[in-house]
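Coordinate inspection notes
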Amino acid sequence: MCVRCLLMTVPEPQFDELYREVILDHYRRPRNRGKLTDATAHADGANPVCGDEISLDVRLDDGRIESLAFEGVGCSISQASASLMTDRVSSTPIEEAQAVRAAFRKMLLENGTPDPSIGDLEVLEGVKKFPVRVKCALLAWNVLDRALEAQPDHKSGDDQ
Amino acid sequence: MNHVLDTDRVRTDFPILSETVNGRPLVYLDNAATTQKPRAVIDALVHYYEHDNANIHRGLHALAVRATEQYEAVRAKVARFVGAASPESIIFTRNTTEALNLIAYTWGAALDEGDEIVLSVMEHHSNIVPWQLLAERTGAIVRAVDIREDGQLDLDAMRDSIGPRTKLVTIAHVSNVLGTINPVAEISAMAHEAGALVCLDGAQSVPHMPVNIGQTGCDFYAFSAHKMLGPTGVGVLWARPEILETIEPFLGGGDMISTVKLEGSSWAEFPHKFEAGTPNIADVIAFGAAIDYLDELGMTAVREHECRLTEYLLEVMNKISWLRPFGPKDAEHRGGVISFEVEGVHPHDVATIVDGHGVAIRAGHHCAQPLMRRLQVPATNRVSFAVYNNEREVDIFLEALDHVRSVFADDRPRTTI
């Protein structure tokens, strides 16, 4: 079959599952973007292969994440995931944030169905069909883990 | 010689172009990373393993003789292809990176503290990091020359950077990001006047245009087989014979010796002095088939074909407000490499969506992080052409870009190019 005929029989590829409207909204209008003047923990992270960067300020108080702010550059998935993460885990006990991180990773890495605890983060489920992009979605969470690692009574999860 | 490529016929020589990706015909526009292989190259590999496989240079049996003759014939073919005076000055390595490292570890060992190496901000990491490592070992200094706003090398800055302590000027013949064709003869003259040697990274030039090493005036020239329709695992270093004569070997082992005694050994003549151990015999022989293929097309025709495609794509891109191509505006001054930005969309998102259309492009820093910093972008998209690409593929790519724009447009209406 010639190229033209083949193209006419194939529908335009769909990206609605990957680029959900909520993701594009968080990419264009990231929440909690900036720095915290009263941060108690900080971490930076990057995906060296693709150049995504996240810099995260966290204010912790008595085993709780009180607030977070992030800065970064990168693709829509990495930046939207960071924005969604800060929304989900602010004003949350550290333990709960870790559980959310584990559930989020399970959804992306082990093809798990989204756990209700992850909330809006389930919009990133479509990323698992694009294995090279999974690391984009996980970057912010790895940075959060690194920020928490510095805390004396925190046991960190593995990095990837 | 006929200077027009019959692309339709050329395309039938590349089996991979029948592949579909996501249900669509493959549009392969990542040729600066590696090119696809014609049937002749694939057949040469299979033929070698089915009929001629033996180790070279030492055996006395029929297969060993055949394999050796074919391997050495490619050395002569490569020399002729790039206008090198003698086949002995052609050394086979694994890739361009290894060829550049070979120079840094052998010739570079004689550098002293305070000696200077001049390179440019547009270099690939493989023409930066080996010199940084050399600088660490010897105390030499690496200086980087800037580019002008139009993506051309700043020759005034280069003249200022070259001084009495400059021992080497090492520059890409063609930039793998900007496509810029550098004025290498002028650079060679400038360097030689100051008593420095010149090394050229030819990874993006030899595959896409006629190259005559003699005319470049350089002292070292490096390139890779896999970017010029050949197999992976073969690189080429050319160096002036008088330099190869004097420098010490790179790796030690079999095939590179004259005599070995426990008290000490002596080395074979070059090129063998620099090819320790069993080389990549099969891939070198198949590389010969790639050179034959390009020879038959004619490198002038190859260059003109890619220049036309570059002109075609650049012309459309320059008309679209949300696309920003980098590098020289004029296709005559650049190879078939176009890096660009899509306004408001990160290159990885661009690459993912166009891949959905079967179009393979590169997104990232292209192993040129200093250049990304210079351009003040985290990454770029890159399209790069080869002999089998055509205007129809450029159109499919542009339609895919239109889709990128519509996914990321704030109000999500379909826009048209």
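Residues numbered from 1 in each chain as written. Chains lettered and ligands numbered in written order. Predicted model: local features only at pLDDT ≥ 70, side-chain atom pairs only at ≥ 80, totals over all residues.

Our focus in this paragraph is the overall build of chain B. Tallying secondary structure elements over chain B gives 14 helices and 17 strands in all. Computed over its C-alpha atoms, the radius of gyration of chain B comes to 22 Å, within 12% of the 22 Å expected for a compact globule of 417 residues. With the C-alpha coordinates of chain B rotated into their principal frame, the extents come out at 80 × 55 × 40 Å. Of all 417 residues assigned to chain B, the portion counted as buried reaches 51%. Intrachain contacts of chain B at a sequence separation of at least 6 include 70% that bridge at least 24 residues. (Helix = DSSP H or I, 4+ residues; strand = E, 2+ residues; numbered from the N terminus. Rg over C-alpha atoms; globule rule 2.2 N^0.38 Å. Buried ≥ 20, exposed ≤ 12 C-beta atoms within 10 Å, placed from the backbone. Contact = placed C-beta atoms within 7 Å.)

Quick look at the nonpolar core now. Residue and element names in this part refer to chain B. Within the largest apolar cluster, 165 residues are counted, with the highest numbers of intra-cluster contacts made by Ala290, Val354, Phe397 and Val404. A per-element tally of this core places helix H10 (residues 281-297) first, with 11 residues. Beyond its immediate stretch of four places on either side in the chain, Val354 contacts Val359, Ile361, Phe397, Ala400, Leu401 and Val404. (Core = buried A, V, L, I, M, F, W, Y, C linked by C-beta atoms within 7 Å.)

Attention now moves to the interface of chain B and chain A. Taken together, the 20 residues of chain B in the interface contact 20 residues of chain A. Looking at the side of chain B that touches chain A, the elements that each hand over two or more residues are strand E2 (24-25), helix H12 (347-356) and helix H14 (391-408) of chain B. Per element, the largest residue contribution to the side of chain B that touches chain A is five residues, and it comes from H12(B).

What follows covers the sheet that holds strand E10 (residues 235-239) of chain B. Residues and elements named next belong to chain B. A sheet is described by the order of its strands in space; here seven strands give the open sequence E4-E10-E9-E8-E7-E5-E6, paired in mixed fashion. Of all strands in the sheet, those bounded by a partner on one side alone are strand E4 (90-93) and strand E6 (141-145). Adjacent strand axes in the sheet meet at a mean angle of 20 degrees, parallel and antiparallel pairs treated alike. The sheet contacts of helix H5 (residues 129-138) involve strand E5 (116-120), E6 and strand E7 (166-172), and relative to E6 the element is tilted by about 150 degrees. (Pairing = 2+ DSSP bridges. Axes fitted to C-alpha atoms, helices over the stretch in contact; angles between N-to-C directions.)

Let us now look at the sheet that holds strand E16 (residues 362-364) of chain B. All names here are of chain B. One open sheet holds the four strands; their spatial order is E13-E14-E17-E16, and the pairing between them is antiparallel. At either margin of the open sheet sits one strand with a lone partner, and together these are strand E13 (323-325) and E16. Sheet twist, expressed as the average angle between the axes of neighbouring strands with direction ignored, equals 30 degrees. Note: strand E14 (residues 337-342) against strand E17 (residues 380-384), four bridges, orientation antiparallel. Paired with Ile338 across the bridge in E17 is Val383.

Residues and elements named next belong to chain A. In the contact formed by helix H2 (residues 21-28) and helix H3 (residues 76-89), the axes pass within 8 Å of each other and the chain directions differ by 85 degrees. As judged from the angle between their axes, H2 and H3 are roughly perpendicular. Contacts from Ile23, Leu24, His26 and Tyr27 of H2 reach H3 at Ser76, Gln79, Ala80, Ser83 and Leu84. Per-class residue counts for the contact of H2 with H3 are five nonpolar, four polar and no charged. (Parallel < 35°, antiparallel > 145°, perpendicular 65-115°, else oblique. Nonpolar A, V, L, I, M, F, W, Y, C, P; charged D, E, K, R; others polar.)

With that settled, consider the pairing of strand E3 (residues 64-73) of chain A. All names here are of chain A. Two elements, strand E2 (residues 52-61) and E3, share nine bridges in a ladder whose sense is antiparallel. Across the sheet, the residue bridging to Glu53 is Val73, located in E3. Counting the residues that bridge the hairpin from E2 to E3 gives two residues, and of these Asp62 lies at a positive phi of roughly 55 degrees. By the bridge criterion, two bridges tie E3 to strand E4 (residues 92-93) in an arrangement that is antiparallel. Bridge pairing in E4 links Arg64 to Pro93.

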